[in-house]
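Per-entry structural report
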Amino acid sequence: MDILKKENWWIWLLLLIFSGGSSTIVLGALLNVFDKNTWYCKWYIWVIGFVLVLPFAVMLYTFQISLIAKTAAKLDVKGKDYYLSPYVWIILIIIPFIGWIIFGILYFYLIIDIIVKLHDGNGEKYIG
């Protein structure tokens, strides 16, 4: 059973619901969106963030958001010019209330549309 097939979209939906969004790490690994030259592949950055505690949480959220954006772009979710830009995410975090609401909407849009694209069969071209 290959988990990226069109008929297995409901497995990803269940994983998303019960894993608290961490299933996108597995999906990102299956779609090969990890880049070995980025900041999250350097072990010493994670050690520094872990020692300083608060930056570790920020790093973890940044890692998850960048992974969701790259996964959505790989599955052809519309709007990749916007959600792949780190400036859009930073601006939405800086602007109080309205920016935070739009941030949440964009985040959930990406997660839900990833499931929709898996349902449409966009993940099947990455099997094998």
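So, here is what we can say about the structure in this document. Worth saying up front: this structure is predicted, and the values here are computed from it rather than measured.

For the rest of this paragraph, the subject is the layout of surface pockets. In this structure, the largest pocket encloses a volume near 430 Å³. Along the walls of the largest pocket sit 18 residues, with Thr62, Ile65, Ser66, Pro86 and Trp89 positioned nearest its centre. Elements with a minimum of two residues in the lining of the largest pocket: helix 4 (54–74) and helix 6 (86–94). Taken together, the residues of the lining of the largest pocket break down into 13 nonpolar, four polar and one charged.

To continue, consider helix 7 (residues 98–120). Each full turn of the α-helix corresponds to 3.6 residues, which orients residues three or four apart in the same direction. A rise of 1.5 Å per residue sets the reference length of helix 7, with its 23 residues, at 33 Å; its end C-alpha atoms lie 32 Å apart and thus fit the reference within 8%. Residues of helix 7 that are buried include every one of Gly99, Phe103, Leu106, Tyr107, Leu110, Ile111, Asp113, Ile114, Ile115, Lys117 and Leu118, and no others. Check the buried side of helix 7 and you find it contacts helix 1 (9–19), helix 2 (23–30), helix 4, helix 5 (80–83) and helix 6. Count one or two residues on from helix 7 and you reach Gly121, which has phi positive near 95 degrees.

One can find Trp39 in the loop between helix 2 and helix 3 (43–51). Sequence separation between Trp39 and Phe63 is 24 residues, and the spatial gap between their C-alpha atoms is 9.2 Å. For Trp39, the contacting residues outside a window of four places in its chain are Ile45, Trp46, Met59, Thr62 and Phe63.

Under the counting rule described, the total for this entry stands at twelve aromatic pairs. For the ring pair Phe34 and Tyr40, a centre distance of 6.2 Å and an interplane angle of 75 degrees mean the geometry is edge-to-face. Judged by centre distance (5.6 Å) and plane angle (85 degrees), the ring pair of Phe50 and Phe56 falls under edge-to-face. Among the aromatic residues, those joined into a ring-pair cluster are Phe34, Trp39, Tyr40, Trp46, Phe50, Phe56 and Phe63.

Moving on: empty space enclosed by the protein. Here the structure, examined in full by the defined rule, presents one cavity of 30 Å³ or more. Space inside the largest cavity adds up to approximately 40 Å³. Trp12, Leu16, Ser23, Thr24, Leu27, Ile111, Ile114 and Ile115 together form the lining of the largest cavity. Elements supplying a minimum of two residues to the lining of the largest cavity: helix 1, helix 2 and helix 7. Broken down by class, the residue content of the lining of the largest cavity amounts to six nonpolar, two polar and no charged.

This brings us to the side chain of Asp113. Assignment of secondary structure puts Asp113 in helix 7. With no salt bridge to any partner, buried Asp113 finds its closest opposite charge in Lys117, at an N-O distance of 5.3 Å. When near neighbours in sequence (up to four residues on either side) are disregarded, Asp113 contacts Val77 and Lys78.

The rules behind these values
- Residues numbered from 1 in each chain as written.
- Predicted model: local features only at pLDDT ≥ 70, side-chain atom pairs only at ≥ 80, totals over all residues.
- Heavy atoms only, no water.
- 1 Å grid on protein atoms, 1.4 Å probe; cavity = no way out; pocket = protein on both sides within 12 Å on 5 of 7 lines; lining within 4 Å.
- Points joined across faces, edges and corners; volume = space filled by probe spheres on them.
- Helix = DSSP H or I, 4+ residues; strand = E, 2+ residues; numbered from the N terminus.
- Nonpolar A, V, L, I, M, F, W, Y, C, P; charged D, E, K, R; others polar.
- Expected span 1.5 Å × (residues − 1).
- Buried < 20%, exposed > 50% of the residue type's maximum accessible area, 1.4 Å probe, protein only.
- Contact = heavy atoms within 4.5 Å.
- Phe/Tyr/Trp six-rings, centres within 6.5 Å; stacked < 30°, edge-to-face > 60°.
- Lys, Arg positive; Asp, Glu negative; His and termini not counted.
- Salt bridge = Lys/Arg side-chain N within 4 Å of Asp/Glu carboxyl O.

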